Amino acid sequence: MLETDKVFAGSIPENYDRYMVPLIFEPFAADLAQRAASFSPSAVLEIAAGTGVVTRALAPRLSPDASYVVTDLNQPMLDYAASRQGPDNRIEYRQADALALPFEDAAFDLVCCQFGAMFFPDRPSAYREAKRVLKPGGHLLFNVWDRIEENVFADDVTNALARMFPDDPPGFLARTPHGYHDTLLIRSDLVGAGFSRVAIETRAEQSRAPSPRIPAVAYCQGTVLRNEIEARDAGKLEAATDYAASAIADRHGSGEVAAKIQAHVIVAAA
């Protein structure tokens, strides 16, 4: 992962929430929220919360006396998440680095994270921090994307941009969001960090959009892929988006489109 892969700023948070969340994140957020609520947690920490899609799904499922601390490394993403959530005195928003959590030992009985672990520069350290802040018997619950070939629109966009920029193809999607999919490695990282009873489930969903342009805009303008495109040619963002949309249309049709998305869901006991 490159350092720039973590820079979610400018218009990216708004476009991310407007396009990426309904395209690929909402079904997995609902799944993660249901799993989280099944533990009946009284103190929850969410790390790498992004624009708050899990927060919005999980908060209504928590008990009235639960506490819910929502964190992200990127303050612009966290600010946007807070703006989308209604008033709730159970929720505290706090900027935090997953590798150095600003919380006491054994402070939470659930730590959850949706599609954030891929961005951790040192995942075993992040897992050790999660275990440190978990009460004995608490759980770490998170998900990560499977390999890019199992996530069709992301693969379509990546391949299209490789044709558009053949000398220096933008590799963000394959490198980072889809770069931590080896379940043996994930299990090893967690066991090495002190977790036990690691369960990993691979789950497929359908990504749907009313037109091919929606996934093109989502990936090209609602993720850090935007920064990579503009770094190659600052004036070609719209052309790259159009080219990706055309590639999706060629493969999936010009009307409503649908394609497979797939992720691993992981539960580990502290």
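Predicted model only: the values in this text are computed from it and were never measured.

(A) Fine view of the packing of aromatic side chains. Applying the stated criterion to the full structure yields 8 aromatic pairs. Judged by centre distance (6.3 Å) and plane angle (40 degrees), the rings of Phe119 and Phe172 are tilted. Of the two residues, Phe119 sits in the loop between strand E4 (108–114) and helix H4 (123–133) while Phe172 sits in helix H6 (residues 172–175), which places them 53 residues apart along the sequence. Its relative accessible area of 17% is what places Phe119 among the buried residues. Among the aromatic residues, those joined into a ring-pair cluster are Phe25, Phe28, Phe115 and Trp145. The ring of Tyr180 carries the charged tip of Arg123 above its face, separated from the ring centre by 3.9 Å.

(B) Molecular detail of helix H3 (residues 75–84). Those residues of H3 that fall on the buried side of the exposure criterion are Met77, Leu78 and Ala81. For H3, the buried positions fall inside an angular range of 95 degrees around the axis, keeping them on one side.

(C) The arrangement of the confidence of the model for the protein in detail. Residues with a pLDDT of 70 or more make up 95% of the protein, whose mean pLDDT is 93. Contacts of residues 2–9 to residues separated by more than four positions or lying in other chains number 24 contacts, the stretch itself having pLDDT below 50.

(D) Looking closely at the pattern of salt bridges. Tallied over the entire structure, the rule returns 18 salt bridges. Between Arg35 and Asp31 there is a salt bridge; the shortest N-O distance is 2.8 Å. Of this pair, Arg35 and Asp31 both sit in helix H1 (residues 12–37), separated by 4 residues, roughly a single helical turn. Across the salt bridge formed by Glu228 and Arg175, the nearest N and O atoms sit 2.9 Å from each other. One end of the pair, Glu228, is in helix H9 (residues 225–232); the other, Arg175, is in helix H6, and 53 residues separate them in sequence.

(E) Quick look at the packing of helix H5 (residues 152–164) against helix H10 (residues 237–252). At a closest axis distance of 9 Å, the pairing of H5 and H10 adopts a crossing angle of 125 degrees. Comparing the axis directions of H5 and H10 gives the class oblique. Pair H5 / H10 crosses with right-handed handedness. Facing Val152, Phe153, Asp156, Val157, Ala160, Leu161, Arg163 and Met164 of H5, the residues of H10 in contact are Ala239, Ala240, Tyr243, Ala244, Ala247, Ile248, Arg251 and His252. Residues of the contact of H5 with H10, tallied by class, amount to 12 nonpolar, 1 polar and 3 charged.

(F) Expanded view of helix H7 (residues 183–192). What H7 keeps buried is the set Ile186, Asp189 and Leu190. Down the axis of H7, the smallest arc covering the buried residues is 95 degrees, so these residues share one side. Exposed residues on H7 whose side chains face more than 90 degrees from its buried face are Leu184 and Gly192. The secondary structure elements touched by the buried residues of H7 are H4, strand E5 (134–145), strand E6 (196–209) and strand E7 (257–269). Two residues or fewer past H7, Gly194 is found with a positive phi of approximately 105 degrees.

Quick notes on the rules
- Residues numbered from 1 in each chain as written.
- Predicted model: local features only at pLDDT ≥ 70, side-chain atom pairs only at ≥ 80, totals over all residues.
- Heavy atoms only, no water.
- Phe/Tyr/Trp six-rings, centres within 6.5 Å; stacked < 30°, edge-to-face > 60°.
- Helix = DSSP H or I, 4+ residues; strand = E, 2+ residues; numbered from the N terminus.
- Buried < 20%, exposed > 50% of the residue type's maximum accessible area, 1.4 Å probe, protein only.
- Lys NZ or Arg CZ within 6 Å of the ring centre and 35° of its normal.
- Arc of directions from axis to C-beta.
- pLDDT = per-residue confidence, 0-100.
- Contact = heavy atoms within 4.5 Å.
- Salt bridge = Lys/Arg side-chain N within 4 Å of Asp/Glu carboxyl O.
- Axes fitted to C-alpha atoms, helices over the stretch in contact; angles between N-to-C directions.
- Parallel < 35°, antiparallel > 145°, perpendicular 65-115°, else oblique.
- Left-handed = near helix turned anticlockwise from the far one by under 90°.
- Nonpolar A, V, L, I, M, F, W, Y, C, P; charged D, E, K, R; others polar.

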